[in-house]
Every structure is written in structure tokens, then in C-alpha cells.
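Structural characterization, general
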Amino acid sequence: MACNKDHSNIQHIMCSLPFDQGGLGRHKCAACAYEKGYQDGFNHVETINLSQILNELDESQAQAQRHKSPHAAYAKGYLDGITDSY
Ligand SMILES: [Zn+2]
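Residues numbered from 1 in each chain as written. Predicted model: local features only at pLDDT ≥ 70, side-chain atom pairs only at ≥ 80, totals over all residues. Heavy atoms only, no water.

Observations regarding the pattern of salt bridges
Two side chains carrying opposite charge are able to pair once their charged atoms lie near each other. Test applied: Here, a salt bridge means any Lys or Arg side-chain nitrogen found within 4 Å of an Asp or Glu carboxyl oxygen. Secondary structure counts use DSSP, requiring at least four H or I residues in a row for a helix and at least two E residues in a row for a strand, with both numbered from the N terminus. In this scheme, a residue with accessible area under 20% of its type's maximum is buried, one over 50% is exposed, and one in between is partly exposed, where area comes from a 1.4 Å probe on protein chains only.
Enumeration over the complete set of coordinates arrives at three salt bridges. Ionic pairing is found between Asp-58 and Lys-5, a salt bridge with its closest N-O pair at 3.8 Å. Of this pair, Asp-58 sits in the loop between helix H3 (50-55) and helix H4 (70-85) while Lys-5 is found in the segment before helix H1 (11-15), placing the two residues 53 residues apart along the sequence. By relative accessible area, which is 17% here, Asp-58 ends up buried. With a closest N to O distance of 3.4 Å, Lys-36 and Asp-40 form a salt bridge. Placement of the pair is Lys-36 and Asp-40 together in helix H2 (residues 30-42), with a separation of four residues, close to one helical turn.

A short note on the coordination of the zinc ion
Selection criterion: Here a donor is an N, O or S atom found within 2.8 Å of the metal, or within 3.2 Å if the metal is Na, K or Ca; sites may look incomplete because water is not among the atoms. Any site counts as irregular unless it has four donors with all angles between 85 and 135 degrees, making it tetrahedral, or four or six donors with opposite ones more than 155 degrees apart and the rest between 65 and 115, making it square planar or octahedral.
For the zinc ion, the full set of protein donor atoms is Cys-3 (SG), His-7 (NE2), Cys-29 (SG) and Cys-32 (SG), at a range of 2.1 to 2.3 Å. Viewed at the metal, the four donor atoms of the zinc ion are separated by angles of 100 to 119°, and the geometry they form is tetrahedral. Written as a sequence motif, the donor arrangement for the zinc ion is C-x3-H-x21-C-x2-C. Note on accessibility: Cys-29 and Cys-32 belong to one class, buried.

Quick word on the side chain of Lys-68
What counts, and what does not: Whenever a nitrogen or oxygen atom comes within 3.5 Å of another N or O atom, the pair is scored as a polar contact, on the condition that within protein one atom can donate a hydrogen and the other can accept it, and that pairs from neighbouring residues in sequence are kept only if both atoms are in side chains.
Within the fold, Lys-68 resides in the loop between H3 and H4. Polar contacts involving the side chain of Lys-68 include one to the main-chain carbonyl oxygen of Met-14, which spans 3.4 Å. Here the side chain of Lys-68 touches Leu-17 through a polar contact of 2.6 Å, landing on its backbone oxygen.

A word on the packing of aromatic side chains
Rule in force here: Two rings from Phe, Tyr or Trp (for Trp, the six-membered ring) form a pair when their centres sit within 6.5 Å of each other. Planes less than 30 degrees apart are called stacked, planes more than 60 degrees apart edge-to-face, and all others tilted. Counted as over-ring charges are cases with an Arg CZ or a Lys NZ within 6 Å of the ring centre that also lie within 35 degrees of the ring normal.
This model, assessed by the stated rule, comprises three aromatic pairs. An angle of 35° between the planes, with centres 6.4 Å apart, marks the rings of Tyr-34 and Tyr-38 as tilted. One end of the pair, Tyr-34, and the other, Tyr-38, are both in helix H2, four residues apart, so they sit about a helical turn from each other. A relative accessible area of 6% places Tyr-34 in the buried class. Following the ring pairs from residue to residue traces out a cluster consisting of Tyr-34, Tyr-38 and Phe-42. The ring of Phe-19 has Lys-68 sitting right over it, with the charged end atom 4.1 Å from the ring centre.

The structure is reproduced here in C-alpha cells:
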């Protein structure tokens, strides 16, 4: 399924992420990965199955999140979420 969420509020973050042309990032929405990571970080989730999380993400061909690393996006979101929780 393709992601049709409005990710316009985090485009500046998507621009800072590395490209992942060959791996999972070619298909998965890095903006959704960021938002999932942010939630998990904010809630201090400590048991993380990243392959399952990434597999469940929607696909994306749009905006700055296109072809960005969902791994990096999740990690960045997790850190931002933790930081904002304090
Ligand atoms: Zn998305």
C-alpha cells in the first residue's frame, strides 16, 4: 500500500537523512518510519523489532522521504521522541 499521509511538517528532517537506493528504503516511507520511531522514543519503548516495524510501513514515492533510509529515519525519530519526552 502506498503512503498518502501528509508529511509536509517533517520535510526538513527527511532532507537530512541518507539515501537508501538499493535496500528497503527504495520502497518504504521514511517519513512514516520517523513518526513511528518518534512515538516509540517518546514512550520509551525498549523492545523493538525493527524488521517487523519496517515491513509494516507503507510504501512511498513522494516528497523528500523518497528513497531515504527508513532505518535512519526510525533512529532519528526515536532520538527526537526521547529528547522531547524529557
Ligand atoms: Zn508515510
